[in-house]
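If you want the building blocks of each chain, they are given just below.
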Amino acid sequence: MKRLKHRPTIHPSIKAGLALSIATALAVPLTAHAASFQLPTTSAAGWGRVSAGGSLYPNDPTAAFNNPAAMVFFGAPTLQVTATGIRPSAEFRGSFRDQQGKPVSGNNPNGFGKFEPFPNIAFVAPINDRFALGASLSVPYGLVSKYNPTWQGRYFGTKTSLQSVALSFSAAFKVNDEFSLGLGIMGQRTKAQLNSIIDTTGAANTIVGAPLFVPQTADEQLNVNVKKKFAFGYFGGLVWKPTQWDTFDLTYHSRVKNNMTGNYQIYGGAEGKNLIGLAPVLDPSLPTIKTDGPASASARLDSPAYASVDWVHVVNSRFTVSATAQWTDWSSFGVLTLKSGSETLVSLPQKYKDSWFYSLGGEYHINPAWTLRAGIGYDQTPTNIVSRDPRIPDGTRRIVGVGVGYRASKAMSFDFAYQHQFVKDTPVHMKNQNLLGAGTMDGVFQDHGDVLSLTGTYQF
């Protein structure tokens, strides 16, 4: 590491800076949940319609999780298995500069670009004319992004992996031919891995107020792994059929409280670790952060509540149209607190807004065997220019979906869908925390996304 002849005294705030870096990494999964991490728990038919109509179409087992009230209209037990691949893309156009204003070394790859698989399994069993039971296994949240540790934006994040798997059980009751009600409970398992690079020399220059060190010469890698084995929530809904052609519903899914625990670890050379290690010697009141091995980490990352209204209208025996509006309560996410054991390392305020999703779609029956589907959608992002970074460079989406269904027999059917998501160039203007290196990024992300989905449905 290049430095002046005399080693300066490093302010204890470097230690606090490391704590901030860990907290920032843990905050990532929640910065763009609605448009980036929140996945529709739907079948290929739903992907083709861009989720328009929710689970109100006849014999759609995803109702077991999306709105159990619709389960009472099934004629037979039905099992459905869906395999979905999602490929986001985010290419940055702009510059990264270190604490002294010099370009950060490295290249500028696409951190996404690969299809990531997400399954969905649902089962509905009518008990009699008024009661039905259901179960589902779904992935309501998930994303993977990976940049190499030497890329230009490494001080703003390298790897992000998040997945929540939800197991649900639900029941429905038909009040009469017009109204039905449904309730369900879910257990959600969430795990996350978040890696970052810390420019310790850039941080030191900022803290001491002088260019004593050369930035980018003593990088340390921070890896955070946390998980929650099971967190519980509930959901419910109602269905109203005012006419033989129209069906409406209202659904609500509760917030799921994820008190995640795991560990963090620092990797790198002795110089960067020494800069970090000086702080507790100078000020014993600062929280202890280990640099020689893994240490415990915990944070609360709640999944927000959301509600939706769906409508399906049968135009004639061949053509059906539908619409959906969904609200997600992102403003409930206020403060992120990171702890290590009994010590509180840092509390960070977050700035997110509630988001809305709208879609319009439909399907056309060519004949009893073949069905065509299509839809369009508008999906707001809760992110803003304050919090947006390379991990989740998300913007509001315009979505187009198409699909086809084939009924192979009275009991068996297959569906396939393709969806493309258009994202307007998303501006990113960030200055990293002074204590994290004080680097900057300025430019835009050019985003888009593709989805492929295949579903098999069997009626017993």
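Residues numbered from 1 in each chain as written. Predicted model: local features only at pLDDT ≥ 70, side-chain atom pairs only at ≥ 80, totals over all residues. Heavy atoms only, no water.

**Focus: the overall build of the protein**
When its secondary structure is counted, the protein shows 6 helices and 19 strands. Relative to its full complement of 460 residues, the protein shows a buried share of 53%. Within the protein, contacts between residues at least 6 apart in sequence are counted, and of these 75% link residues at least 24 apart. Summed over its atoms, the accessible surface of the protein is roughly 19,200 Å², and 60% of this surface lies on carbon and sulfur atoms. (Helix = DSSP H or I, 4+ residues; strand = E, 2+ residues; numbered from the N terminus. Buried < 20%, exposed > 50% of the residue type's maximum accessible area, 1.4 Å probe, protein only. Contact = heavy atoms within 4.5 Å. Areas by Shrake-Rupley, 256 points an atom, 1.4 Å probe, with all protein chains shown as cover.)

**Notes on the environment of E343**
Along the chain, the position of E343 falls in strand β13 (residues 343-349). A residue is classified by how much of its surface remains accessible, and E343, at 32% relative accessible area, is partly exposed. Considered as a pair, E343 and A297 are 46 residues apart in the sequence and their alpha carbons are 9.9 Å apart.

**Observations regarding the pattern of salt bridges**
Inspection of the entire model under this criterion finds 7 salt bridges. With its nearest N and O atoms 3.1 Å apart, the salt bridge here joins D450 to R87. Of the two residues, D450 sits in strand β19 (residues 440-459) while R87 sits in strand β1 (residues 78-97), which places them 363 residues apart along the sequence. The partly exposed category is assigned to R87, whose relative accessible area is 30%. (Salt bridge = Lys/Arg side-chain N within 4 Å of Asp/Glu carboxyl O.)

**What to know about the packing of aromatic side chains**
As enumerated under the stated definition, the model contains 16 aromatic pairs in all. Ring geometry for F65 and F235: centres 5.3 Å apart, planes at 50 degrees, overall tilted. With F65 in helix α4 (residues 63-66) and F235 in strand β6 (residues 219-240), the pair connects residues that are 170 residues apart, well separated along the chain. On the basis of relative accessibility, which here comes to 1%, the residue F235 falls in the buried class. Ring centres of F96 and F156 lie 6.0 Å apart, and the angle between their planes is 45 degrees; on these two criteria the pair is classed as tilted. Taken together, the residues span a long stretch of sequence, with F96 in strand β1 and F156 in the loop between β3 (131-146) and β4 (159-174) at a distance of 60 residues. (Phe/Tyr/Trp six-rings, centres within 6.5 Å; stacked < 30°, edge-to-face > 60°.)

**Observations concerning helix α5 (residues 200-208)**
Burial runs high along α5: 7 of the 9 residues are buried. Regarding α5, the residues found buried are T200, T201, G202, A203, A204, N205 and I207. Directly after α5, the chain includes G209, whose backbone phi takes a positive value near 75 degrees.

**What to know about the side chain of T190**
Turning to its location among the elements, T190 is positioned in strand β5 (residues 179-199). Its relative accessible area of 4% is what places T190 among the buried residues. In this structure the side chain of T190 is engaged in a polar contact, spanning 2.7 Å, whose partner is the side chain of S164. (Polar contact = N/O pair within 3.5 Å; in protein donor to acceptor, adjacent residues only side chain to side chain.)

**Topic: the confidence of the model for the protein**
Within the protein, residue pLDDT values average 85, and 86% of them lie at 70 or more. The lowest-confidence element of the protein is helix α2 (residues 33-37), averaging 49 in pLDDT; the highest-confidence one is strand β7 (residues 246-253), averaging 98. Ignoring residues within four places in sequence, the model shows residues 1-13, a span with pLDDT below 50, making 29 contacts including any to other chains. (pLDDT = per-residue confidence, 0-100.)

**Regarding the environment of F319**
Along the polypeptide, F319 turns up in strand β11 (residues 319-328). Sequence separation of F319 and E363 is 44 residues, and the distance between their C-alpha atoms is 6.0 Å. With near-sequence residues (within four places) excluded, F319 lies in contact with V314, E363 and Y364.

**Considering a positive patch on the surface**
Taken together, the side chains of R189, K191, K227 and K229 define a basic patch exposed on the protein surface. The set of elements that each furnish at least two residues to the positive patch consists of β5 and β6. Position of K227 relative to the elements: it lies in strand β6. (Patch = residues over 30% accessible without salt bridge, like charges linked within 9 Å, V, L, I, M, F, W, Y side chains within 5 Å. Lys, Arg positive; Asp, Glu negative; His and termini not counted. Charge placed at Lys NZ, Arg CZ, Asp CG, Glu CD.)

**Looking at the pairing of β1**
The pairing of β1 with strand β2 (residues 116-126) spans 9 bridges and is antiparallel. Bridge pairing in β2 places V81 opposite I121. Pairing of β1 with β19 involves 20 bridges; the strand directions are antiparallel. Bridge pairing in β19 places V81 opposite G456. (Pairing = 2+ DSSP bridges.)

**With respect to the nonpolar core**
Core analysis: the biggest nonpolar cluster contains 31 residues, and F96, F156, A192, L222, Y264, M441 and F445 have the highest contact counts within it. Sorting the residues of this core by element identifies β1, β5, β6, β8 (259-268), β9 (295-300), β18 (426-431) and β19 as the ones contributing at least two each. Tallying contributions element by element places β5 first for this core, with 4 residues. With residues up to four places along the chain from it excluded, the contact list for A192 reads S161, L162, V224, N225, V226 and M260. Core analysis: the next-biggest nonpolar cluster, separate from the first, contains 14 residues, M71, A132, A172 and V312 among them. (Core = buried A, V, L, I, M, F, W, Y, C linked by side-chain atoms within 4.5 Å.)

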